[in-house]
Amino acid sequence: MWIEEWPRDALLTLAATQLVQHAYTSDDLRTNSNHNFEENDEDISKQIALALRASRLQHLQGICRLCARLHYAAQIVSSTTGNDAAGNNNVVAVSTITSGKYVQCLLMAQQMLIAVREKLLAHRNKMQLGVANMVRTLEQVAAMEVEVRRMEPLIAQKTKSILELTEDVKIKSAEAKVVAEQVEEKRWEAKDQESAAKAIQSEAQREMDTALPEWRKAVNALAALRKQDIDEIKKYSQPPTAVQTTIEAVLVILGEKKTDWATARITLGDPKNPFIDRLLSLKVTDMEAVHIDRVQKYIHNEDFTPQVVGTSGSEACKSLCIWVRAVEHYY
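The following paragraphs examine the structure supplied in this document. (Residues numbered from 1 in each chain as written. Predicted model: local features only at pLDDT ≥ 70, side-chain atom pairs only at ≥ 80, totals over all residues. Heavy atoms only, no water.)

Side note on the packing of aromatic side chains
We count it as follows: Any Phe, Tyr or Trp ring, taking Trp's six-membered ring, that has another such ring centre within 6.5 Å forms a pair; planes under 30 degrees apart are called stacked, those over 60 apart edge-to-face, and the others tilted. We count a charge as sitting over a ring when the NZ of a lysine or the CZ of an arginine lies within 6 Å of the ring centre and within 35 degrees of the ring normal.
Under the criterion given, the structure shown has zero aromatic pairs. If you follow Arg-187 out to its NZ or CZ, it ends over the ring of Trp-188, 5.0 Å from the centre.

Okay, structure coming up:
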């Protein structure tokens with residue numbers, strides 16, 4: 001059977017139809033390789049897209065020409081010189097390359113193109129995602145740079161304030177340390193003063209415990225005095241030594257400047273200011289220290305004791321001696 005060979009243009013047209021329909025999208029072929037890009041095009045991404053489409057068209061044209069050449073070469077090889085069964089040197093057809101086989105060849109090329117295309121699309125999507133992430137990162141970095149530049153004066157001001165505050169804190173800390181040391185010293189001083197005050201209080205309490213009985217003796221001694229006893233003492237024109245010594249000591253305690261016997265008799269008999277009332281109304285806390293100093297010579301007198309005065313003088317003078325000694329001791 002004689003099969004008419006397809007012309008070369010028909011083979012190219014069939015290949016282009018099959019491959020365009022199944023292996024390429026319509027966007028791949030909307031431009032041609034004759035597009036010239038201008039240097040001043042504003043949209044760079046559009047230029048890249050046009051370049052990619054032109055490259056795809058050239059790729060498709062090359063595959064179509066390759067398929068046509070393969071089919072054309074196969075038709076030539078399919079007819080070769082060989083020996084038949086009878087040993088005669090005759091031209092025989094080894095195989096017949098029909099248009100169906102050409103279509104099958106195109107389908108195989110189509111499947112290979114689809115597989116490669118899917119792989120490339122996957123890589124392209126990854127690259128697009130990576131580029132998008134890089135663009136977002138660059139935009140964020142640029143925004144942060146702008147924000148940092150905007151914040152630089154404020155950051156510088158805050159840094160200066162922090163440095164000043166740190167220096168002030170150092171100064172305040174040093175001052176606080178000095179104050180703390182002074183407070184510690186005062187605390188120890190206060191503790192020492194407290195100890196001293198407690199010692200003084202204890203000493204005063206001991207003296208009080210000793211003086212109170214003496215004061216009670218003085219009060220009891222005054223309670224034992226009667227006006228008749230005072231009148232009896234006043235009658236002396238020349239009193240015994242024990243009596244005169246006792247009355248002088250009493251006058252010193254009362255704050256009298258003169259202690260002679262004439263002054264003593266006037267004091268003992270003063271109707272406006274009775275002697276016993278003056279003794280009872282005396283407040284030891286209001287006494288002056290000079291009076292206590294003046295009475296010391298009587299306190300240290302060995303004959304100025306209740307026993308001696310009571311024996312050499314009178315019971316009234318004995319009570320007054322007890323009172324004088326009690327007042328001095330209590331003071």
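Remarks on helix α8 (residues 289–299)
To keep things clear, this is the line we draw: Burial classification: accessible surface area is computed with a 1.4 Å probe over protein chains only, and a residue below 20% of its type maximum counts as buried, one above 50% as exposed, and the rest as partly exposed. For helices the rule is a DSSP run of H or I covering at least 4 residues; for strands it is a run of E covering at least 2, with both sets numbered from the N terminus onward. Starting at the helix axis, one direction is taken to each C-beta atom, and the arc is that of these directions. Between two residues, a contact is recorded if the distance between any of their heavy atoms is within 4.5 Å.
Within α8 the residues assigned to the buried category are His-291, Ile-292, Val-295, Tyr-298 and Ile-299. The buried residues of α8 all sit within an arc of 90 degrees when viewed along its axis, so they share a single face. In α8, the exposed positions that point more than 90 degrees away from the buried face belong to Asp-293 and Lys-297. On the buried face of α8, the contacting elements are α5 (241–254) and α10 (315–330).

Concerning the side chain of Asp-229
One can find Asp-229 in helix α4 (residues 227–234). Given a relative accessible area of 15%, Asp-229 falls into the buried group. Ignoring sequence-local partners within four residues, the contact set of Asp-229 consists of Ala-224 and Ala-316.

Side note on the nonpolar core
To keep it simple, the criterion reads: Take the buried Ala, Val, Leu, Ile, Met, Phe, Trp, Tyr and Cys residues and link them wherever side-chain atoms come within 4.5 Å; each set so joined is a nonpolar core.
Core analysis: the largest hydrophobic core is formed by 36 residues, its most contacted members being Ile-233, Ile-247, Ile-253, Leu-279, Trp-323 and Val-324. For this core, the secondary-structure elements that each account for two or more residues are α3 (99–224), α4, α5, α6 (261–268), α7 (275–281), α8 and α10. Trp-323 has contacts with Ala-218, Leu-222, Val-250, Ile-253, Leu-254, Leu-279 and Leu-282, leaving out every residue within four places of it along the chain. Grouped together as the second largest cluster of nonpolar side chains are 13 residues, Cys-64, Cys-67, Ala-68 and Tyr-102 included.

Focus on the packing of α5 against α6
Rules: For helices, the fitted line uses only the C-alpha atoms of the stretch in contact; every axis is such a line through C-alpha atoms, and the angle between N-to-C directions lies from 0 to 180 degrees. In what follows, roughly perpendicular refers to angles from 65 to 115 degrees, roughly parallel to angles under 35, roughly antiparallel to angles over 145, and oblique to any angle outside these ranges. A clockwise turn of the near helix away from the far one marks a right-handed crossing, whereas an anticlockwise turn of less than a right angle marks a left-handed crossing. Ten residue types, Ala, Val, Leu, Ile, Met, Phe, Trp, Tyr, Cys and Pro, are classed as nonpolar, four, Asp, Glu, Lys and Arg, as charged, and the remainder, Gly among them, as polar.
The contact between α5 and α6 brings their axes to 10 Å, and the two run at 65 degrees. Regarding the angle of α5 to α6, the classification is roughly perpendicular. For α5 against α6, the interelement crossing comes out left-handed. Every residue of α6 that contacts α5 at Val-243, Gln-244, Ile-247 and Leu-251 is listed here: Trp-261, Ala-264, Thr-267 and Leu-268. In the contact of α5 with α6, the residues fall into six nonpolar, two polar and no charged.

Some words on the pattern of salt bridges
Under the convention used in this document: Any carboxyl oxygen of Asp or Glu within 4 Å of a side-chain nitrogen of Lys or Arg constitutes a salt bridge here.
For the structure shown, the criterion picks out seven salt bridges. Residue Glu-189 pairs with Lys-186 through a salt bridge whose shortest N-O separation is 3.9 Å. Here Lys-186 and Glu-189 lie together in helix α3, a separation of three residues that amounts to about one turn. Residue classification places Lys-186 among the exposed positions, given a relative accessible area of 54%.

Digging into the state of the cysteines
Stated formally: Defined by distance alone, a disulfide is two cysteine sulfur atoms within 2.5 Å.
Tallied over the entire structure, the rule returns zero disulfides. Summary of cysteine pairing: Cys-317 is not part of a disulfide, and the nearest cysteine sulfur, belonging to Cys-321, is at 9.1 Å. Residue Cys-321 is classed as buried on the basis of its relative accessible area of 0%.

Considerations on α4
Those residues of α4 that sit buried are Asp-229, Ile-230 and Ile-233. Down the axis of α4, the sector holding all buried residues measures 100 degrees, keeping them to one side. Those residues of α4 that are exposed and aimed more than 90 degrees away from the buried face are Lys-227 and Gln-228.

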